Amino acid sequence: MANYTITAFDKKGEKLLDESFEATTEVEAKEKGEALLKEKGYLEHTHRCVSPAGKLVLFHR
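Let me begin by describing the structure that accompanies this report. If you're wondering where the values come from, they're calculated on a predicted model, not measured in any experiment.

A separate point is the sheet that holds strand 2 (residues 15–23). Judged by pairing direction, the sheet is antiparallel, and its 4 strands sit side by side in the order 2-1-3-4 without closing on themselves. Pairing within the sheet leaves two strands with one partner each, and these edge strands are strand 2 and strand 4 (56–60). Along the sheet, successive strands turn relative to each other by an average axial angle of 10 degrees, direction set aside. Against the sheet, helix 1 (residues 26–40) engages strand 1 (2–9), strand 2, strand 3 (46–50) and strand 4, with an angle of about 140 degrees to strand 2.

Spelled out as C-alpha coordinates, the structure:
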(Lines give C-alpha, C1' and ligand atoms only; values in the text may rest on other atoms or scores of the structure.)
Protein backbone atom coordinates (compact mmCIF):
# COMPACT_ATOMS: atom_id res chain seq x y z
CA MET A 1 0.00 0.00 0.00
CA ALA A 2 1.10 3.54 -0.72
CA ASN A 3 0.06 6.88 0.78
CA TYR A 4 -1.74 9.26 -1.59
CA THR A 5 -2.73 12.84 -0.84
CA ILE A 6 -5.98 14.52 -1.91
CA THR A 7 -6.15 18.32 -1.80
CA ALA A 8 -9.07 20.64 -2.64
CA PHE A 9 -8.90 24.41 -3.07
CA ASP A 10 -11.33 27.31 -3.09
CA LYS A 11 -11.37 29.90 -5.91
CA LYS A 12 -8.76 32.00 -4.11
CA GLY A 13 -6.37 29.04 -3.94
CA GLU A 14 -6.75 28.38 -0.23
CA LYS A 15 -6.80 24.74 0.90
CA LEU A 16 -10.18 23.36 1.86
CA LEU A 17 -9.05 19.75 2.22
CA ASP A 18 -5.63 18.14 2.60
CA GLU A 19 -5.81 14.47 3.57
CA SER A 20 -3.67 11.39 3.08
CA PHE A 21 -5.01 7.88 2.57
CA GLU A 22 -3.70 4.46 1.56
CA ALA A 23 -4.39 2.68 -1.71
CA THR A 24 -2.87 -0.28 -3.53
CA THR A 25 -3.15 1.07 -7.07
CA GLU A 26 -3.59 4.42 -8.78
CA VAL A 27 -7.08 3.37 -9.89
CA GLU A 28 -8.04 2.63 -6.28
CA ALA A 29 -6.48 5.94 -5.18
CA LYS A 30 -8.56 7.83 -7.76
CA GLU A 31 -11.75 6.12 -6.57
CA LYS A 32 -10.97 6.72 -2.88
CA GLY A 33 -10.01 10.34 -3.57
CA GLU A 34 -13.25 11.02 -5.43
CA ALA A 35 -15.23 9.36 -2.62
CA LEU A 36 -13.53 11.59 -0.02
CA LEU A 37 -14.25 14.70 -2.08
CA LYS A 38 -17.90 13.71 -2.51
CA GLU A 39 -18.26 12.92 1.19
CA LYS A 40 -16.80 16.31 2.21
CA GLY A 41 -18.71 18.25 -0.47
CA TYR A 42 -15.65 19.34 -2.48
CA LEU A 43 -16.12 17.31 -5.67
CA GLU A 44 -16.84 20.41 -7.79
CA HIS A 45 -13.94 22.43 -6.34
CA THR A 46 -10.46 22.45 -7.87
CA HIS A 47 -8.73 19.34 -6.56
CA ARG A 48 -5.81 16.99 -7.10
CA CYS A 49 -4.65 13.62 -5.91
CA VAL A 50 -0.95 12.75 -6.00
CA SER A 51 1.03 9.57 -5.48
CA PRO A 52 3.98 9.31 -3.09
CA ALA A 53 6.27 9.88 -6.10
CA GLY A 54 4.43 13.11 -6.94
CA LYS A 55 2.54 11.68 -9.93
CA LEU A 56 -0.81 13.34 -10.56
CA VAL A 57 -3.52 10.68 -10.29
CA LEU A 58 -6.60 12.92 -10.30
CA PHE A 59 -7.11 16.57 -11.22
CA HIS A 60 -10.13 18.81 -11.64
CA ARG A 61 -10.06 22.55 -12.27
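Let us look at the pattern of salt bridges. By the definition in use, this model includes 4 salt bridges. Note that Asp18 is salt-bridged to Lys15, the shortest N-O span being 3.2 Å. For Asp18, a relative accessible area of 44% corresponds to the partly exposed category. Among the ionic pairs, Glu19 bridges to Lys40, the shortest N-O distance being 3.2 Å. Linking Glu19 in strand 2 with Lys40 in helix 1, this pair joins segments that are 21 residues apart in sequence.

Moving on, we come to the nonpolar core. Tyr4, Ile6, Ala8, Leu17, Phe21, Ala23, Ala29, Leu36, Leu37, Cys49, Val57 and Leu58 together form the largest nonpolar core, which totals 12 residues. Of all the elements in the fold, those that place two or more residues in this core are strand 1, strand 2, helix 1 and strand 4. Here Ala23 is in contact with Met1, Ala2, Tyr4, Glu28, Ala29 and Lys32, once residues within four sequence places are set aside.

The next thing to look at is the environment of Leu43. Here Leu43 lies in the loop between helix 1 and strand 3. The partly exposed category is assigned to Leu43, whose relative accessible area is 30%. Put simply, Leu43 and Gly33 are 10 residues apart on the chain and 9.5 Å apart in space, counted from C-alpha to C-alpha. With residues near it in sequence (within four places) discarded, Leu43 still touches Glu34, Leu37, Lys38 and His60.

Parameters and conventions
Residues numbered from 1 in each chain as written. Predicted model: local features only at pLDDT ≥ 70, side-chain atom pairs only at ≥ 80, totals over all residues. Heavy atoms only, no water. Pairing = 2+ DSSP bridges. Helix = DSSP H or I, 4+ residues; strand = E, 2+ residues; numbered from the N terminus. Axes fitted to C-alpha atoms, helices over the stretch in contact; angles between N-to-C directions. Contact = heavy atoms within 4.5 Å. Salt bridge = Lys/Arg side-chain N within 4 Å of Asp/Glu carboxyl O. Buried < 20%, exposed > 50% of the residue type's maximum accessible area, 1.4 Å probe, protein only. Core = buried A, V, L, I, M, F, W, Y, C linked by side-chain atoms within 4.5 Å.

Just geometry here; none of it tells us what the structure is for.
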